[in-house]
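Analysis of the macromolecular model
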Amino acid sequence: MASLRKRSGESRRARDISDPGTRTRILDAAEELFAGGGYEATPTAEIARLAGVPKGLVFHYFPKKIDVLVALIDERTLVEEVPDVEAVPGDAAGTLSRLARCLPLRASPAMRRILFREADTHGSVRDRLGRLNGEIIRRARFALELALPTARGDAARLEVAAVTFAAVLLYQENLCQLTGHHIDPDAVAKLIAHALG
């Protein structure tokens, strides 16, 4: 009887391993749990339970728990690098307002929570957030150069304006995730444009 149960368990595990949806179910469960309680507070056994798989199968796909987080960050967050920036000459505020509506982060609300929550504790998350910050700064600086062609000689001021704009956008994203409070990006764009004026 024990050998029959053992063979049944082995055949179920083999079925689970060959099922392409198993890995996705594990990542779906981890995303939900990490977003809710955080990476550190989530045991691997809870990921397995929510995914409906044996705990050992989680380790088959992800040898260490950190590998689950890394896979989520790598596969479910995307920082879009787009060369085109829509800018209106002479309208720095309008240009930044349009840019604010095109945050180059593609991720579910749960992945956004994970990204901002775990940035201080895990290198792969910090790296992705750093890429996002760098992309926003690059776009903002380029947009401001297009909107204010006469200010191009003042690269330091444009850089500070772009960095400030990126910081506010990222802070707003984080603040919104934590408290639901929104910062008006149009007001920030006007403030930065006025300072450059």
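Residues numbered from 1 in each chain as written. Predicted model: local features only at pLDDT ≥ 70, side-chain atom pairs only at ≥ 80, totals over all residues. Heavy atoms only, no water.

1. Comments concerning the overall build of the protein
Of regular secondary structure, the protein possesses 10 helices and two strands. For the protein, the proportion of its 197 residues judged to be buried stands at 41%. Within the protein, residue pairs in contact and separated by at least 24 positions form 73% of the contacts whose partners lie at least 6 positions apart. Carbon and sulfur atoms make up 57% of the accessible area of the protein, which totals about 10500 Å². (Helix = DSSP H or I, 4+ residues; strand = E, 2+ residues; numbered from the N terminus. Buried < 20%, exposed > 50% of the residue type's maximum accessible area, 1.4 Å probe, protein only. Contact = heavy atoms within 4.5 Å. Areas by Shrake-Rupley, 256 points an atom, 1.4 Å probe, with all protein chains shown as cover.)

2. Remarks on the nonpolar core
Counting 58 residues, the largest nonpolar core has Phe34, Leu96, Leu144 and Phe165 as the members making the most contacts within it. The element contributing the most residues to this core is helix 8 (residues 123–147), with nine residues. Setting aside residues no more than four positions away along its own chain, phenylalanine 165 makes contact with Leu96, Leu99, Ala100, Ala140, Val188 and Ile192. (Core = buried A, V, L, I, M, F, W, Y, C linked by side-chain atoms within 4.5 Å.)

3. Brief notes about the confidence of the model for the protein
Summing up the model confidence of the protein, the mean pLDDT is 84 and the portion of residues at 70 or higher is 87%. For the protein, per-element mean pLDDT is lowest for helix 1 (residues 2–18), which scores 52, and highest for helix 3 (residues 44–51), which scores 97. (pLDDT = per-residue confidence, 0-100.)

4. Describing helix 3
Residues of helix 3 that are buried: Thr44, Ile47, Ala48 and Ala51. The buried side chains of helix 3 occupy one side of the element, clustering within an arc of 95° when seen end-on. Where helix 3 is buried, its residues contact helix 2 (20–37), helix 4 (55–61) and helix 5 (65–76). Note on helix 3: the residue one or two positions beyond its end, glycine 52, has a positive phi of about 75°. (Arc of directions from axis to C-beta.)

5. A look at helix 10 (residues 185–196)
A rise of 1.5 Å per residue sets the reference length of helix 10, with its 12 residues, at 16 Å; its end C-alpha atoms lie 16 Å apart and thus fit the reference within 8%. The backbone nitrogen of aspartate 186 lies 3.0 Å from a side-chain oxygen of the residue at the head of helix 10, namely aspartate 184. (Expected span 1.5 Å × (residues − 1). Polar contact = N/O pair within 3.5 Å; in protein donor to acceptor, adjacent residues only side chain to side chain.)

6. Overview of the side chain of histidine 122
Here histidine 122 lies in the loop between helix 7 (109–118) and helix 8. When its relative accessible area of 9% is taken as the criterion, histidine 122 is described as buried. Apart from the residues within four sequence positions on either side, histidine 122 is in contact with Tyr39, Glu40, Ile66 and Leu69.

7. Overview of the packing of aromatic side chains
What the rule picks out here adds up to two aromatic pairs. Ring geometry for phenylalanine 34 versus tyrosine 39: centroids 5.3 Å apart, planes at 70°, classification edge-to-face. Look at phenylalanine 34 and you get buried, because its relative accessible area is 1%. Here tyrosine 39 falls in the buried class, since its relative accessible area comes to 7%. Look at tyrosine 61 and phenylalanine 62: their rings are 6.4 Å apart centre to centre, the planes differ by 45°, and that puts the pair in the tilted class. (Phe/Tyr/Trp six-rings, centres within 6.5 Å; stacked < 30°, edge-to-face > 60°.)

8. Observations concerning the packing of helix 5 against helix 7
With their axes 11 Å apart at the nearest point, helix 5 and helix 7 run at an angle of 120° to one another. Judged on the interaxial angle alone, helix 7 and helix 5 are oblique. Where helix 5 crosses over helix 7, the two elements pack in a sense that is left-handed. Only Met111, Ile114 and Leu115 of helix 7 make contact with helix 5, whose side of the interface consists of Leu69, Leu72, Ile73 and Arg76. Grouping the constituent residues of the contact of helix 5 with helix 7 by class yields six nonpolar, no polar and one charged. (Axes fitted to C-alpha atoms, helices over the stretch in contact; angles between N-to-C directions. Parallel < 35°, antiparallel > 145°, perpendicular 65-115°, else oblique. Left-handed = near helix turned anticlockwise from the far one by under 90°. Nonpolar A, V, L, I, M, F, W, Y, C, P; charged D, E, K, R; others polar.)

9. A few points about the environment of leucine 170
Along the chain, leucine 170 falls in helix 9 (residues 155–179). On a C-alpha basis, the gap between leucine 170 and leucine 129 in space is 9.0 Å, while along the polypeptide they are 41 residues apart. Among residues more than four places away in sequence, those in contact with leucine 170 are Phe116, Leu132, Asn133 and Ile136.

10. Structural notes on the packing of helix 2 against helix 5
To characterise two packed helices, one gives the angle between the axes of the helices and the distance between these axes. Helix 5 packs onto helix 2 with a crossing angle of 95° between their chain directions and a minimal axis gap of 10 Å. It follows from the interaxial angle that helix 2 and helix 5 lie roughly perpendicular. Residues Arg23, Thr24, Leu27, Asp28, Ala30, Glu31 and Phe34 of helix 2 touch helix 5, and the partners they reach there are Val68, Leu69, Ala71, Leu72, Glu75 and Arg76. For the contact of helix 2 with helix 5, the residue count by class is seven nonpolar, one polar and five charged.

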